[in-house]
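Inside the fold
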Amino acid sequence: MTRHPIPFAPARGDEAWAALGGVDLTLRPLITGAAGSSPYLSSLFLREADWVPQALANRPEDSVSALIAMAGTLDHTNLDHGLRQLKRRAALVVALADLGGIWPLHRVTQAWTDVADACLKAALTTHVALEARRGKIPGMTEADAHEIGAGMVALAMGKMGAGELNYSSDIDLICFFDDDRFDPVDVMDARAAFIRATRRMAAALSDTTEEGYVFRTDLRLRPDASVTPVCISLTAAERYYEAEGRSWERSAYIKARPAAGDLAAGQRFLQVLTPFVWRRHLDFSMVQDTIDMRQKIRDHKGLHGDLKLEGHNMKLGAGGIREIEFFAQTRQLVAGGRDLSLRKRRTVDALAALAEAGWIGADVAQELTDHYSHHREIEHRVQMIDDAQTHDLPKSAEGFARLAHLCGTDDVSAFRAGIQDRLQRVEQICGDLFQPGKATTPSEVSVPPEQAEIVARWPSYPALRSERGHAIFARLKPTLLRRFQRAARPEEALLNFDNFLKGLPAGVQLFSLFEANPSLVDLIVDICATAPGLSLYLSRHASVLDAVLDGRFFAPWPGMASLRAELAELLAGQGYEAQLDQARRWQKEWHFRIGVHQLRNLISADGAMAQYTDLAHAVLGALWPAVCDEIARRHGPPPGLGGVVLGMGSLGAGRMTAGSDLDLIVIYDPADAETSLGPRPLDPRGWYAKATKTLITALSAPTAAGTLYAVDMRLRPSGRQGPVATAIKAFADYQRAEAWTWEHMALTRARAMAGPHDLCDRVEAIRSTIIAEKADPAKVRTDAAEMRARLAATGRAGGTWAIKEGPGGLQDIALLGQAVALASGSEARDTAAQLAHAQALGWLDAAQAARVIAGEALFSRVQAATRLLTDVTLDPGAIGDGGREFLARVADAPSADALALELDATRAYIACVIDAVLGVSLPEER
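Let me begin by describing the structure that accompanies this report. Everything quoted here is computed from the prediction, not taken from an experiment.

In this section: the overall build of the protein. The number of helices and strands found in the protein is 41 helices and 10 strands. Summarising its shape, the C-alpha atoms of the protein cover approximately 115 × 75 × 50 Å along the three principal directions. Counting over 926 residues, the protein shows a buried share of 56%. Across the protein, the fraction of contacts at a sequence separation of at least 24, relative to all contacts at a separation of at least 6, is 75%.

So this is what it looks like as structure tokens:
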């Protein structure tokens, strides 16, 4: 609305114009229209008649800046008068810039907020300085009051915090003081002084005198306002929000901003509160909290019933401003913990960010932004008429006519119709969020008796014991049952879901997530119908489902370097314990993503193994520096040139599965360092031993977020008897002079995972040199045959589905591959690439090599799929038809039975081939 107002009472407008002298005639329509339709503006023109011509000669921006500068010159002798005069003048400038269409809405509200900030700062500084002058704030001076509020900070909440103040807004403040600035014995004296200063500050702003008021001030958003003083310590506030903070307080802090006093302390406090406001997991239970809050507001204000314009509350009523704010804030709180781009204070910015992130349509964001701006402008005009803190439309025809004239039209009918249409449209858009009860309640689904017995157990499970969890699940259950009935084997899928549900410790968050995102129901049904192992994993780590709603979940794989950089960024700036939990949550989401992609045939088994390896590589790459920093905190930086984490086995070869552990060796270069330089110095051997043990704990110890990986260090020099970390020279000497052939064979799969790049290159050079030096085909063949015999003597014969152990199994093939690589001096790590050199050695002919390589690929694919289905030895009868079909699909076999025959035949052939190369195992050892 940029049309100039039309005088509703022309005589009043002419009177205001006549009081002004030397004003450009082109401004007459604006001034007479404003004064003729608003008694409040008319009174301001008359009271400030001497100042108005001067203000109108400048740009409104310059006039507001001059007023803000004036606030900084006030002290206790002229504060009350000065602030009220400033407010009157600012009200005129902002109103004319608004009504004249010079400023858009966001500029109007920001200017009004800037004025409020200046007034707040002047009042806070003045009264804190008075307390400091009287010696009531221990250790603080008047200069401290002007510079940092002597440790007191006022947080602007609501519209003031967001830069959205309307024309007659009150200002919502929460006042704290930084108790860390004071000695413990002085905290109570400081507290008393800040309480007095806060009360006097609020009175200076909100008391009505013969000159009016500045800003009505509300201090009731502070923690537990009914029993706490008007200014409390930051420590007490942190404890409150950690233990008792409520959903509405989370919403309030979306817009919070330090506005006056110790701004740095206020910003630190908001940073501390980040986990409270922005939950890590997608928080769909917040939607119900918002619905409940809205209902309470409407009950309290009596805002139910049909939409009627007379007296309609533009803020809280149906289709009003608060509907749009709740619409945006609820989605911000749901997803803002994961997506930092959604953490916007302004409502229109939040709508744009939600559209950009795909949470709402761009058309919805644009339409709600348009309605929001229109609603806010109507609200401004309503408040301009009499400077009343109201959001209600007029109740009389005369009142509507006056409002229409102030908005620049005398077509009252069209004006009313426009408001009505916008309110109804907002109600329609927001209705799905705020009126779920209007949706059709799913009817009960009839299931066969054997399935009914399963369903009957559900109410006794922990996830359904809370009233709220039970209520949400009751709405969800018919949809779940209906979709399970569409599965190929409903009872099997339902049994797996039963195991999933039984393992959940709580259900409100997860059930809310399902209810808000039906696609997740399809995914959980798919998993339960196919992969019982994955559904069991989900019951233990249900929060990973959040990742499915992340736009990247089905995006192309980012690669190891991007993953490591992402995790390192997440860990930066956090305490060590928080880093361990963060790494676990992050790893579990990506781990789950790989499993889902494999399950849904979006990646091959080979692709899954490569991705599981990338993930472990990224975790080590980000966690090893964090571990070293933690040791350095107590014992000083790493002595020497640093340490390298070497990945062995399937990690080094890039063939990890869902259940793989990590085979690791740590190698360090002490250089000439004798000890570390720190509070408690250690020699290099002690420092890196401690770092290695800490790394093992960081990876394998359970925390609140679970574990990362099991770790095996037995491949280090001298095995269990050797030090957990090895100096690089000792490592090279050991490999040359003492290591067994099997240790050289293991070295063929080694790969540096973390550590300084130049040290990684040196370790790789040692690896290459050792492999070249030990390339003695006859000795390698003899020693490998002896090692194979020892493995056979352990009695692990393997079987159809136990394809890792036993003659002809994956372990046997890997042994042959490593022997081939060492004997030929090849630096290849992957078994297939190693076996490619067997023909040149004369150990296999071309046909044999091709069949063994193909068999290894088949076994690897089945093993990768098996680890996704279960974490124990696979029992085909226990995984159901869905699991068996998945195995067959992965192996490109017509059925699981056909696959079993193929596996047995392939094993028998490969065992015979390896027998010919490395000796025949005794029958009883097989």
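As a further point, take the nonpolar core. If you look at the biggest cluster of nonpolar residues, it comprises 128 residues, and the most contacted ones within it are W458, F497 and L699. If near-sequence neighbours (up to four positions away) are discounted, W458 is found in contact with L464, F473, K477, L481, L494, F497, D498 and L501. Judged by nonpolar contacts, the second largest core, of 94 residues, contains A16, A91, A111 and M152.

So, about the packing of helix α29 (residues 605–635) against helix α39 (residues 846–869). Contact pair α29 / α39: the axes reach a minimum separation of 9 Å and the direction vectors enclose 65°. Between α29 and α39 lies a crossing of left-handed hand. Note on element contacts: α39 touches α29 through S860, R861, A864 and L868, opposite A605, M609 and Y612. Its residues assigned to classes, the contact of α29 with α39 shows 5 nonpolar, 1 polar and 1 charged.

Helix length check: helix α22 (residues 467–485), at 19 residues, gives a terminal C-alpha distance of 27 Å against a target of 27 Å (1.5 Å per residue), a fit within 8%. By the largest-angle criterion, L476 marks the main kink of α22, which is about 40°, and a proline, P478, follows within four residues. Considered for burial, the residues of α22 that qualify are G469, I472, F473, L476, P478, L480, L481, R483 and F484.

For the rest of this paragraph, the subject is the pattern of salt bridges. Considering all chains together, one arrives at 37 salt bridges under this definition. In this structure, R88 engages E48 in a salt bridge whose closest nitrogen and oxygen atoms are separated by 2.9 Å. On the criterion of sequence distance, the pair formed by R88 in helix α6 (residues 79–99) and E48 in the loop between α3 (39–47) and α4 (52–56) is long-range, its members being 40 residues apart. For the residue pair R88 and E48, the accessibility class agrees, reading buried in each case. The closest approach of N and O atoms between R633 and E630, which form a salt bridge, is 2.8 Å.

A complete count under the given rule lists 19 aromatic pairs for this structure. When the ring of Y241 is compared with that of F276, the centres are 5.4 Å apart and the planes differ by 35°; the resulting orientation is tilted. Placement of Y241 in helix α11 (residues 234–244) and of F276 in helix α14 (residues 274–277) is noted, with a sequence separation of 35 residues between them. Plain terms: the ring middles of W458 and F497 are 5.4 Å apart, the flat faces sit at 70° to each other, and that makes the pair edge-to-face. Placement of W458 in the loop between α21 (449–457) and α22 and of F497 in helix α23 (residues 490–503) is noted, with a sequence separation of 39 residues between them. As far as the burial class goes, W458 and F497 line up, both buried.

Attention shifts here to empty space enclosed by the protein. Counting across every chain of the model gives 2 cavities of 30 Å³ or more. Of the pockets and cavities examined, the largest cavity occupies roughly 50 Å³. The element contributing the most residues to the lining of the largest cavity is helix α33 (residues 741–747), with 4 residues. Among the residues forming the lining of the largest cavity, the class breakdown is 6 nonpolar, 1 polar and 1 charged.

Once that is clear, we can look at helix α18 (residues 362–386). Here α18 spans 38 Å end to end across 25 residues, near enough to the 36 Å set by a 1.5 Å rise per residue. Once α18 finishes, D387 follows within two positions and takes phi at roughly 50°, a positive value.

Basis of the calculations
Residues numbered from 1 in each chain as written. Predicted model: local features only at pLDDT ≥ 70, side-chain atom pairs only at ≥ 80, totals over all residues. Heavy atoms only, no water. Helix = DSSP H or I, 4+ residues; strand = E, 2+ residues; numbered from the N terminus. Buried < 20%, exposed > 50% of the residue type's maximum accessible area, 1.4 Å probe, protein only. Contact = heavy atoms within 4.5 Å. Core = buried A, V, L, I, M, F, W, Y, C linked by side-chain atoms within 4.5 Å. Axes fitted to C-alpha atoms, helices over the stretch in contact; angles between N-to-C directions. Left-handed = near helix turned anticlockwise from the far one by under 90°. Nonpolar A, V, L, I, M, F, W, Y, C, P; charged D, E, K, R; others polar. Expected span 1.5 Å × (residues − 1). Bend = angle between axes of the 7 residues up to and from the residue. Salt bridge = Lys/Arg side-chain N within 4 Å of Asp/Glu carboxyl O. Phe/Tyr/Trp six-rings, centres within 6.5 Å; stacked < 30°, edge-to-face > 60°. 1 Å grid on protein atoms, 1.4 Å probe; cavity = no way out; pocket = protein on both sides within 12 Å on 5 of 7 lines; lining within 4 Å. Points joined across faces, edges and corners; volume = space filled by probe spheres on them.

Everything listed here is a matter of geometry and, on its own, says nothing about what the molecule does.
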